[in-house]
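Below are the chains, spelled out letter by letter.
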Amino acid sequence: EYLNTKESIAAYLSFAAQSGNAEHFKAAIKTATRAEKMAKLAENAGITREGAYKSLKPGTKTQLQTAMSILDALGMAVQIVPKESLADHNSYVLAT
C-alpha cells in the first residue's frame, strides 16, 4: 500500500540495495513487482510471467540482465555511488 508511486518504489529499492544482501534486494524487487501487475511487467521486461517469478524466488541465482530488465520494466534505473556517499542516500526512507 505504500509502494504507490515511482518515488516510493525507488526509495524502497534503493534502501534494499544498500543492504548489500542480494537476497534482500531480490525480495524487494519482488515486492515492488507486486505493486505493478506481474504479467504486464514481465511482458515489458521481455520474459514470461513464470520466468519473472522464478528469477525472484529466494535462493535462485538471478541473472543480472533479468534483474535489470525487471527494474527497467518498473521504470527504475540503477545508479552507482561511492560507499562514502551512502549517508547522503540514506534519506530514501518511506513515509508512513
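Above this note sits the structure.
Sequence order sets the numbering: in each chain, residues are counted from 1 along the sequence as written. With pLDDT at 70 or above as the cut-off, local features in this predicted model cover only qualifying residues; side-chain atom pairs require 80 or more to be listed or tallied, and sums for whole chains, interfaces and linings still use all residues. Water and hydrogen atoms were dropped before computing side-chain values, which therefore reflect all heavy atoms in the structure.

What to know about helix 5 (residues 64-73)
- All buried positions along helix 5 are accounted for by Ala 67, Ser 69, Ile 70, Leu 71 and Ala 73.
- We call two residues contacting when some pair of their heavy atoms lies within 4.5 Å. Working definition: helices are DSSP H or I runs of at least four residues, strands are E runs of at least two. Numbering for both runs from the N terminus. The secondary structure elements touched by the buried residues of helix 5 are helix 1 (6-17), helix 2 (22-35), helix 3 (38-45) and helix 4 (49-55).
- Of the residues trailing helix 5, Gly 75 is marked for its positive phi of about 85 degrees. The buried label goes to any residue with under 20% of its type's maximum accessible area, the exposed label to any with over 50%, and the partly exposed label to all in between, with areas taken from a 1.4 Å probe on protein chains only.

Some thoughts on the packing of helix 1 against helix 2
- Here an angle of 0 to 180 degrees is reported between the N-to-C directions of two axes, which are lines fitted to C-alpha atoms, with helices fitted over the stretch in contact. Running from N to C, helix 1 and helix 2 cross one another at 165 degrees; their axes reach a closest spacing of 8 Å. Between helix 1 and helix 2, the interaxial angle falls into the category roughly antiparallel. Classified by chirality, the crossing of helix 2 by helix 1 is right-handed. From helix 1, Ile 9, Tyr 12, Leu 13, Ala 16 and Ala 17 reach across to helix 2, where they touch His 24, Phe 25, Ala 28, Ile 29, Thr 31, Ala 32 and Ala 35.
- Class assignment of the residues belonging to the contact of helix 1 with helix 2 gives a composition of 10 nonpolar, 2 polar and no charged. An angle counts as roughly parallel when it lies under 35 degrees, as roughly antiparallel when it exceeds 145, as roughly perpendicular when it falls between 65 and 115, and as oblique in every other case. By convention, the crossing between two helices is left-handed when the near helix turns anticlockwise from the far helix through less than a right angle, and right-handed when the turn is clockwise. Residues are grouped as follows: Ala, Val, Leu, Ile, Met, Phe, Trp, Tyr, Cys and Pro are nonpolar; Asp, Glu, Lys and Arg are charged; all remaining types, including Gly, are polar.

With respect to the packing of helix 3 against helix 5
- Relative orientation of the contacting elements helix 3 and helix 5 amounts to 115 degrees, with a least axis distance of 8 Å. Helix 5 is crossed by helix 3, and the crossing has right-handed handedness. Between helix 3 and helix 5, the contacting residues are Leu 41, Asn 44 and Ala 45 on the first element and Ser 69, Ile 70 and Ala 73 on the second.
- Residues belonging to the contact of helix 3 with helix 5 are distributed by class as follows: 4 nonpolar, 2 polar and no charged.

A short note on the nonpolar core
- In these notes, a set of buried Ala, Val, Leu, Ile, Met, Phe, Trp, Tyr and Cys residues joined through side-chain atoms within 4.5 Å is what counts as a nonpolar core. Counting 18 residues, the largest nonpolar core has Ile 9, Leu 13, Ile 29, Ile 70, Leu 71, Leu 74 and Met 76 as the members making the most contacts within it.
- Contributions of two or more residues to this core are made by helix 1, helix 2, helix 3 and helix 5.
- Sort the elements by how many residues they give to this core and helix 3 lands first, with 4 residues.
- If near-sequence neighbours (up to four positions away) are discounted, Ile 29 is found in contact with Leu 13, Leu 56, Ile 70 and Leu 71.

Overview of the environment of Lys 61
- Locating Lys 61 in the fold gives a position in the loop between helix 4 and helix 5.
- Relative accessible area serves as the criterion here: at 76%, Lys 61 is assigned to the exposed category.
- With 38 residues separating them along the chain, Lys 61 and Glu 23 place their C-alpha atoms 9.4 Å apart.

Considering the pattern of salt bridges
- Definition used for salt bridges: Asp or Glu carboxyl oxygen within 4 Å of a side-chain nitrogen of Lys or Arg. Taken as a whole, this structure holds 2 salt bridges when the rule is applied.
- The salt bridge partner of Glu 23 is Lys 26, with a shortest N-O separation of 3.3 Å. Pair noted here: Glu 23 and Lys 26 are both in helix 2, with a separation of 3 residues, about one helical turn.
- The exposure class assigned to Glu 23 is partly exposed, which follows from its relative accessible area of 34%.
- Between Glu 50 and Arg 49 there is a salt bridge, with the nearest N and O atoms lying 3.8 Å from each other.
- Given a relative accessible area of 40%, Arg 49 falls into the partly exposed group.

Note that every value here comes from positions in space, so none of it alone points to a role or purpose.
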